[in-house]
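# Coordinates in review
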Amino acid sequence: MAMKSKVLIVGGTGYLGKRLVKASLAQGHETFVLHREEIGVDIEKVQMLLSFKQQGAHLVIGSFNDHQSLVKVVKLVDVVICAISGVHIRSHQILLQLKLVDAIKEAGNVKRFLPSEFGTDPARKENAMEPGRVTFDDKMVVRRATEEAGIPFTYISANCFAGYFLGGLCQPGFILPSREQVRLLGDGNQKAIYVDEDDIATYSIKTIDDPRTLNKTVYIRPPQNILSLREVVQIWEKLIGKELLKSSISEQEFLAIMKEQDYAEQVGLTHYYHVCYEGCLANFEIGDGAEEATKLYPEVKYTTVEEYMTRYL
Ligand code: NDP
């Protein structure tokens, strides 16, 4: 049997990153987690890193301010997965990855790089709206640098993180579902795709030693989780045994409210706009040169929307 790749996770203390560490260990990969010197006395992060070590991961010290330190840790592994932050209301550091790309290029040993993507496919967002397009533009800058450096890659398009979009019933600013009311975005009929973050991590790790995903985009589209907001609300109503009071916010109203928010909020709202009014996640066929995760890995039992939402009961 072929040896499993050694994996370095960068951003392993993050919301998605910690799940990638867990999935990498669970799938039997020797797993290295970057411990950035800059986290200093952040006790939560240090404790999390120590818990990874207890679970069998190796902690490796490095810094984005020290190129050679990154080269050194990259040389220890076959695969680099980056889950650096990219949500403006929390932190957005996508372009810092250019330093990681430089290190991977110099190290010369990496067989696969998964940059911090895990959302809407940025290659399909050349007409995205300001200011939210910054997320896609920056991710494309990292893609170009990766490809120009000749680094083998896989791009994961994970669609909606369930915690944000199901948790809040697609209501911007909310991550817990109301038991009283919901404001549909437009008619609420555009389909989106919701994925449990642990499943995103599982599928991502599955791709790393798979020749079918080399230099490709992998979309995660669990068939049962391709739903309109109305359908998501129905599932929630069934779980709580009660109908929500429904209203709707038109596209024009949504855009007008968006313009009054600060920059970070506007970036997030742009993403809700593309997903919920345009249906940008599900309105295209996956063409040649790309793959779909649930078809590649039918053995993974993914979490359905209904299963995910039971946690809010
Ligand atoms: P987090 O905000 O949780 O941050 C992840 C990591 O980024 C941190 O643990 C930290 O690593 C690292 N980081 C932060 N600041 C710096 C810095 N200055 N220098 C170096 N590293 C830094 O990230 P998320 O998990 O929210 O996002 C990961 C990816 O997922 C992004 O690409 C994002 O766009 C995408 N995403 C997609 C969503 C969707 O619905 N599809 C929703 C949310 C995110 P360290 O441990 O080293 O400090």
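Please refer to the structure placed before this passage.
Note that the coordinates shown come from a computational prediction; the quantities given were computed from them, not determined experimentally.

### Details of the site of the ligand
Of all residues adjacent to the ligand, which total 29 residues, the nearest are T13, R36, K45, R90 and N159. Contact distances for the ligand include 2.7 Å between an oxygen atom and a side-chain N or O atom of K45. Within the side chain of K139, a nitrogen or oxygen atom sits 2.9 Å from an oxygen atom of the ligand. Only strand 5 (86–87), strand 9 (160–161) and helix 6 (162–165) provide two or more residues apiece to the shell around the ligand. By residue class, the composition of the shell around the ligand is 14 nonpolar, ten polar and five charged.

### A closer look at the sheet that holds strand 11 (residues 191–195)
A sheet is described by the order of its strands in space; here three strands give the open sequence 9-11-13, paired in mixed fashion. Strands with a single pairing partner mark the edges of an open sheet, and in this sheet they are strand 9 and strand 13 (226–228). Running at roughly 90° to strand 13, helix 8 (residues 229–240) makes contact with strand 11 and strand 13 of the sheet.

### Notes on the state of the cysteines
Such a bond, covalent and formed between the sulfur atoms of two cysteines, is termed a disulfide. Scanning the model with the defined rule gives zero disulfides in all. Free cysteine C170: the closest other cysteine sulfur is in C276, separated by 4.1 Å. C280 takes part in no disulfide bond, and the closest cysteine sulfur, belonging to C160, lies 8.2 Å away. Classification of C280 by relative accessible area gives buried; the value is 10%.

### What about unusual backbone geometry?
Of note, the bond from E130 into P131 is cis; its omega dihedral lies within 30 degrees of zero at -10°. As for its position among the elements, P131 is in the loop between strand 7 (112–114) and helix 5 (133–148). The residue N159 is not glycine, and still its phi comes out positive at about 65°. If you trace the backbone, N159 turns up in the loop between strand 8 (154–157) and strand 9. Look at C170: it is not a glycine, yet its phi comes out positive at around 60°. Relative to the elements of secondary structure, C170 occurs in the loop between helix 6 and strand 10 (181–185).

### Some details on the packing of helix 9 (residues 251–259) against helix 10 (residues 263–277)
In the contact formed by helix 9 and helix 10, the axes pass within 9 Å of each other and the chain directions differ by 165°. In terms of orientation, helix 9 and helix 10 fall into the roughly antiparallel class. Judged by the sense of rotation from one axis to the other, the crossing of helix 9 with helix 10 is left-handed. Facing E251, F254, L255, M258 and K259 of helix 9, the residues of helix 10 in contact are Q266, L269, T270, Y272, Y273 and Y277. Grouping the amino acids of the contact of helix 9 with helix 10 by side-chain chemistry returns seven nonpolar, two polar and two charged.

### Details of the side chain of E197
Checked against the element boundaries, E197 lands in helix 7 (residues 197–207). A distance of 3.4 Å separates a polar atom in the side chain of E197 from the backbone nitrogen of A162. Excluding residues within four positions of it along the chain, E197 makes contact with Y15, L16, R19, F161, A162, G163, Y164 and Y308.

Rules used in this analysis
- Residues numbered from 1 in each chain as written.
- Predicted model: local features only at pLDDT ≥ 70, side-chain atom pairs only at ≥ 80, totals over all residues.
- Heavy atoms only, no water.
- Near = heavy atom within 4 Å.
- Polar contact = N/O pair within 3.5 Å; in protein donor to acceptor, adjacent residues only side chain to side chain.
- Helix = DSSP H or I, 4+ residues; strand = E, 2+ residues; numbered from the N terminus.
- Nonpolar A, V, L, I, M, F, W, Y, C, P; charged D, E, K, R; others polar.
- Pairing = 2+ DSSP bridges.
- Contact = heavy atoms within 4.5 Å.
- Axes fitted to C-alpha atoms, helices over the stretch in contact; angles between N-to-C directions.
- Disulfide = S-S within 2.5 Å.
- Buried < 20%, exposed > 50% of the residue type's maximum accessible area, 1.4 Å probe, protein only.
- Parallel < 35°, antiparallel > 145°, perpendicular 65-115°, else oblique.
- Left-handed = near helix turned anticlockwise from the far one by under 90°.

As far as function goes, none of this settles anything; it's purely spatial.
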